[in-house]
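Remarks on the overall topology
Listed here are the chains, written in short residue letters.
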Amino acid sequence: MKSKLTSIILILFFSKSIFSQAFTFENYQPKWAHIVNDTTYAGYVEHTNLNTYTYDGRNHFYPWYKPLVHEGKVINIFVNTKNDFQGGFIEVRDFYTGKINWTYHFDLRDGDAREFPGYYNIDEDGHLYLYSFRSTEGDNYFLFWTKANLSFRKFDMKSGHLLQHNFFEPTDPKSVELGFYPSAVFLQPKNKNIEYIFKNNLNDSTNVISTIAFDEALNEINRRSIDIRRRYFYYDNATIFEKHGEYTLNANHSVSEVSPTRPPSNYEFILNKYDSDWNLTNSISLAEILDSSTVFNYLGTQSDAHFFALRNNINQPFTPEQVKITKLNSDYTIKETVQLPNKRYRVYRIHKLRYDPGMLIVATVDDQPNIEIYKSDGNGNLSIIKSLSTKKNIVVPNLQTELIEDRYLALNMHLRELDEKDDIIEDKDKVVTSLVDLVDFGILSSINVTEAKSKTKIHPNPSNNMVKIENINLPFHVNIFSIDGNIIKTISNSNQEIDVSTLPAGMYIFDIRNNEMHERHKVIKID
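Please read these numbers as outputs of a predicted model, since none were measured by experiment.

1. Brief notes about unusual backbone geometry
The residue after histidine 459, namely proline 460, is reached through a cis peptide bond having omega -10 degrees. Examined against the element boundaries, proline 460 turns out to sit in the loop between β33 (457-459) and β34 (466-470). Residue proline 462 is bonded to the preceding asparagine 461 through a cis peptide linkage, with omega at 15 degrees. Examined against the element boundaries, proline 462 turns out to sit in the loop between β33 and β34. Positive phi, normally seen in glycine, also occurs at tyrosine 332, with a value near 70 degrees. Mapped onto the elements, tyrosine 332 comes out in the loop between β24 (322-328) and β25 (334-339).

In structure tokens:
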């Protein structure tokens, strides 16, 4: 009996320690960092024709999407890579502490369907909703599913309770089932509906864009097919996004009849703009705007700005790349181009700063330190260079990032462990989710932030004595920063008044937070 009781205690302790395992960088302690765990997989063994994998609850995740932050919570959707991408895992953490609020898994354990998360967001009522591609075909392995349907889930954000779960499966015998391939298929919101967009090659000169709109219950609203002319044979690196009722298709085109792989100058990057009915309204070649001697990687759009990585030396093993990051305005004129230090980069994540003319660039590299964080000054110069290091036998092939309030950086990192020969140990992968305070880390100063548009008010402002903070629940915490980013005073308030009479005259940043909000306001002290 004692032996059984001891075993139970050890199992419970082991499960708890796995689930709450923390992580730290070799050179920096973030606000919080944790290894993602699904304890229901701990100890699971899988046998294949080539290998035997043992799952420890950590080594079957992949960070396909960036974090989502909502009302003091960090929401992550991870892909379950077990048995060639079979499902996903939702993890919701407290923004300030990193503690887990709730988790949810969806994979083959829930039935006979594989799923791949396609799009997720928070609706106007504060519910988390998730659309996934779903396949019941037994031989649909890896990332190409010739037959796929849609799944929709809605969750209560506070409890994680599943409020709604719907499937889409075509009932019309003439209806073609949805295909799924990540680089060719997109799910994106349109009004209050979801739109499925599939790009397929019809022949050497034409692409077909198929779109299907669904409502929340996954009832099909309409279906369209549009032929789009493309130049010659090669058509790659395509992304489609919708904004203000218009579509933008970004893609590399071959400039010759032969499908080239190199040199990069044989490609031309073209942005085609369409109206809501997919009528072509504008076509813009970036050959003259961007350096045509490089390979273009489109890094996305933020607030009408477009970001590109321009790369050289990509065919020379062990040779540092020459990488430029270019930011284009909404009219596709160049706003800023930054030359990165010559390194072997794997991934770039770019963030537009709301209160600063520069960019925040987060990149992973093949050598130590693993993660580089750069800040540009808006004029093409790197004003700040910082690094995050993991252990020497760890590489970071992928990461997803989200910039919050122009101060915090949420990172989801895919870590792979190497053996003494620098070969990857296949069953030692893990994903780490973390939150870095960029002011504390020295990337940004508090002057990079400004007042949030909110109901919280500070008055009188300017003031020479007392200031009152209104429309905020007690208690709250205030850090007072000088204009150059140094912390001057820390206050934990049980009332709404703060004495500033002892501060020298000047401008200050009040960093205010409680369990419900986190804001910054400029306050002027006068004599």
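2. Some words on the sheet that holds strand β38 (residues 506-513)
The four strands lie next to each other as β36-β35-β38-β39, forming an open sheet whose pairing is antiparallel. Looking along the sheet, the strands with just one partner apiece sit at the ends: β36 (487-493) and β39 (518-525). Strand-to-strand, the axes of this sheet are offset by a mean angle of 20 degrees, without reference to chain direction. Pairing of β38 with β39 involves eight bridges; the strand directions are antiparallel. Looking at the pairing, isoleucine 512 lines up with glutamate 519 of β39.

3. Side note on the environment of glutamate 124
Examined against the element boundaries, glutamate 124 turns out to sit in the loop between β9 (114-122) and β10 (128-135). Glutamate 124 gets classed as exposed once you look at its relative accessible area, which sits at 67%. C-alpha separation for the pair glutamate 124 and lysine 192, spaced 68 residues apart in sequence, amounts to 9.9 Å.

4. Focus: the pattern of salt bridges
Evaluation of the coordinates by the stated rule reveals 11 salt bridges. Between glutamate 402 and lysine 66 there is a salt bridge whose closest N-O contact spans 3.4 Å. Separated by 336 residues along the polypeptide, glutamate 402 in strand β30 (residues 394-404) and lysine 66 in the loop between β4 (61-62) and β5 (68-70) bring together distant segments of the chain. You can call lysine 66 partly exposed: its relative accessible area is 44%. With its nearest N and O atoms 4.0 Å apart, the salt bridge here joins aspartate 527 to lysine 525. Connected through shared salt-bridge partners, Arg407, Asp437, Asp511 and Arg513 make up one network.

Cut-offs used in this document
- Residues numbered from 1 in each chain as written.
- Predicted model: local features only at pLDDT ≥ 70, side-chain atom pairs only at ≥ 80, totals over all residues.
- Heavy atoms only, no water.
- Helix = DSSP H or I, 4+ residues; strand = E, 2+ residues; numbered from the N terminus.
- Pairing = 2+ DSSP bridges.
- Axes fitted to C-alpha atoms, helices over the stretch in contact; angles between N-to-C directions.
- Buried < 20%, exposed > 50% of the residue type's maximum accessible area, 1.4 Å probe, protein only.
- Salt bridge = Lys/Arg side-chain N within 4 Å of Asp/Glu carboxyl O.

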